[in-house]
Amino acid sequence: MSRVVIFSASVGAGHDSAAQALDDRLTARGFAVDRHDFLTLMPAGRAVCGSYRRIITHAPALYQCIYSRTERAARPGLVQRHLLRAAEQAVLAAIPADAVAAVATYPLAAQVLGRLRASGRLAVPVVVTFTDFSVHPLWIAPGVDLYLAPHAVTAAQAVAHGVDADRVAVARPLVSARFGQRSAASRAAARDQFGLSGADKPLALLLGGSWGVGDIEGTARDLAASGVVTPVVVCGRNEVLRGRLRAAGFPHVFGWVGDMPTLMAACDVMVQNAGASSTLEAFATGLPVATYRSLVGHGRTNAAVLDEAGLAVWVRSQGELAGAMWELTSGVRGRRQHNAGLAMVGGGVEPDEFIVELLAGTAAGNAVEAVAV
């Protein structure tokens, strides 16, 4: 049985959810799959993750400064390079002799795998799957054999960062099969399950990722004040935020939700601030999506790509919010985004198909080299 090793990271939930979706697809094709959290392989990985969370939560201006500076850099900074070099041996040790490919769903893992491949220390092909719609330079590393992008705009950004066009493919996005198009009956049952059946306005699902970061409270207030929708707020593991919203009188406030497909099926529109995995899950469910009070850094760059692609409207001010909510829940724009989202996640070539094709080409090339020798 051929083995593929996937390196993700428990930074929020997006990188892991993409890894799980790819794991499911490869396992169904008969591959053995190993998965590793890159943060456990990199020295001080958990500390780096904790620092990132604190900065993005409490010092967003600093995070924007760091993000902008690294966006302009041709390679990781000195500290990053030191940490990545220190992770190389642990990453190599995690790839067994029977592995046929290594996959990264996290940019720092892509850096290590790509450099190991470029130096000849890693013999198997390296695949990188983008989990953002926008491409930060940290995703790009020498030695990577194939990049899988969720959209043509994403692929074009990778090429603009110096990746050869023949090493980038637009693949069907990595979304769990649990997320699917809702019916009228499933919508009613979902509302009953979550206690939402009595709503007299369209329901706006408000997400801030598994950490509940960003100005979720301000967004909830703005959505309620719009008079168009009723906010349904998911705080993830941010219990402080959950308590504040409940104390403020918001009727529909949840913590960590294990059955997000059903909750999405209960709602009419999704409002988010980062544009990562939950956006793809909303597309698969048929929910139109709006970005509002976007996070700095990747939140803004993802918002720009989604808006450019016609997949999610970027609401840039409170004055635009009511009109956007009406258009997405009752107007033509909502139907267009519904169709565009479903088409994106429901069409195209599966990422595992590209990996199988890459492996077949690698095997053929090795055979030719062996004959030549």
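Structure first, text after, so check above.
Calculation rules
All residue numbers refer to position in the chain's written sequence, counted from 1. Where local features are concerned, this predicted model is filtered to residues with pLDDT of at least 70; where side-chain atom pairs are given and counted, the filter is 80 or more; whole-chain, interface and lining totals use all residues. Excluding hydrogens and water, the side-chain values take into account all heavy atoms of the structure. A strand pair is defined by DSSP finding two or more bridges across the two strands. Counting from the N terminus, the helices are DSSP H or I runs at least four residues long and the strands are E runs at least two residues long. Contact definition: two residues touch when any of their heavy atoms are within 4.5 Å. Lines fitted to C-alpha atoms define the axes, with helix axes restricted to the stretch in contact, and inter-axis angles between N-to-C directions lie between 0 and 180 degrees. Only buried residues count toward a nonpolar core, which is a set of Ala, Val, Leu, Ile, Met, Phe, Trp, Tyr and Cys residues joined through side-chain atoms within 4.5 Å. The classification of residues rests on relative accessible area computed with a 1.4 Å probe and restricted to protein chains. Under 20% of the type maximum is buried, over 50% is exposed, and intermediate values are partly exposed. Summarising the geometry, the arc corresponds to the directions from the helix axis toward the C-beta atoms. With the strands aimed away from the viewer, a crossover counts as right-handed if its path from the first strand over the helix to the second runs clockwise. Whenever a carboxyl oxygen of Asp or Glu lies within 4 Å of a side-chain nitrogen of Lys or Arg, that contact is scored as a salt bridge. Stacked, edge-to-face and tilted are the three classes for Phe, Tyr and Trp ring pairs, Trp counted by its six-membered ring, which pair at centre distances within 6.5 Å; planes under 30 degrees apart are stacked, over 60 edge-to-face, the rest tilted. A positively charged side chain is recorded as over a ring if its NZ (Lys) or CZ (Arg) lies within 6 Å of the ring centre. The angle to the ring normal must also be within 35 degrees.

Colleague: Give a detailed account of the sheet that holds strand β12 (residues 312-315), specifying residues and quantitative values.
Modeller: Across the sheet, six strands lie side by side as β9-β8-β7-β10-β11-β12; this open sheet has parallel pairing. A single partner strand is all that each edge strand has here, and the edge strands are β9 (253-254) and β12. This element, helix α8 (residues 216-226), spans β7 (203-207), β8 (230-234), β10 (269-272) and β11 (289-292) of the sheet and lies at about 170° to β7.

Colleague: Give me the nonpolar core: which residues, what numbers.
Modeller: If you look at the biggest cluster of nonpolar residues, it comprises 51 residues, and the most contacted ones within it are Phe 7, Phe 38, Val 91, Ile 95 and Leu 113. Ranked by residue count, the leading element in this core is helix α5 (residues 107-118), at six residues. Val 153, Ala 190, Val 232 and Cys 267 belong to the second-largest nonpolar core, a separate cluster that totals 33 residues.

Colleague: Outline helix α12 (residues 298-308), supporting the account with residue identities and numerical values.
Modeller: Among the residues of α12, His 298, Gly 299, Asn 302, Ala 303, Val 305 and Leu 306 are the ones counted as buried. Taken around the axis of α12, the buried residues stretch over an arc of 165°, which confines them to a single face. In the segment just after α12, Gly 310 is the residue with positive phi, at about 75°.

Colleague: Could you give me a rundown of the pairing of strand β2 (residues 32-37), with the residues and numbers involved?
Modeller: Of the pairings in the sheet, the one linking strand β1 (residues 3-8) to β2 comprises six bridges and is parallel in character. Across the sheet, the residue bridging to Ile 6 is Arg 35, located in β2. In this view, the connection linking β1 to its parallel neighbour β2 by way of helix α1 (residues 14-28) has right-handed handedness.

Colleague: Talk me through the pattern of salt bridges; I want residue IDs and the actual numbers.
Modeller: By the definition in use, this model includes 20 salt bridges. Notably, a salt bridge pairs Arg 244 with Glu 217, separated by 2.8 Å at the nearest N-O pair. One end of the pair, Arg 244, is in helix α9 (residues 239-247); the other, Glu 217, is in helix α8, and 27 residues separate them in sequence. For Glu 217, a relative accessible area of 18% corresponds to the buried category. Each of Arg 3, Asp 34 and Asp 98 takes part in a single network of salt bridges with overlapping partners.

Colleague: I'd like a description of the environment of Ile 216, backed by residues and values.
Modeller: One can find Ile 216 in helix α8. With relative accessibility at 2%, the residue Ile 216 sits in the buried group. The spacing of Ile 216 and Gly 198 is 18 residues in sequence and 23 Å in space, taken between C-alpha atoms. What Ile 216 contacts, discounting residues up to four positions off in sequence, is Leu 206, Leu 207, Gly 208, Val 233, Leu 241 and Asn 273.

Colleague: I'd love a proper account of the sheet that holds β2, names of residues and values included.
Modeller: The parallel open sheet is built from six strands, whose spatial order is β2-β1-β3-β4-β5-β6. The outermost strands of the open sheet, each flanked by one partner alone, are β2 and β6 (168-170). Within this sheet the neighbouring strands show an average axis-to-axis angle of 25°, counted without direction. Where strand β4 (residues 126-129) meets strand β5 (residues 146-149), three bridges bridge the pair, whose relative direction is parallel. In the strand pairing of β5, Val 128 is matched with Tyr 147. Its contacts with the sheet put α5 on β1, β3 (99-104) and β4, and the angle it makes with β3 is roughly 140°.

Colleague: Please give an account of the packing of aromatic side chains that cites residues and values.
Modeller: Across all of its chains, the model carries four aromatic pairs by this definition. Residues Phe 130 and Trp 139 carry aromatic rings whose centres are separated by 5.5 Å and whose planes lie at 80° to one another, so their mutual orientation is edge-to-face. Each member of the pair, Phe 130 as well as Trp 139, is classed as buried. Measuring from centroid to centroid gives 5.6 Å for Phe 194 and Phe 254, while their planes differ by 85°, and the two rings are edge-to-face. On the criterion of sequence distance, the pair formed by Phe 194 in the loop between α7 (184-193) and β7 and Phe 254 in strand β9 is long-range, its members being 60 residues apart. Comparing Phe 194 with Phe 254 shows no difference in burial state: the two are buried. Linked through ring pairs, Phe 130, Trp 139 and Tyr 147 together constitute an aromatic cluster. The ring centre of Trp 256 lies 3.8 Å from the NZ or CZ of Arg 237, which sits over that ring.

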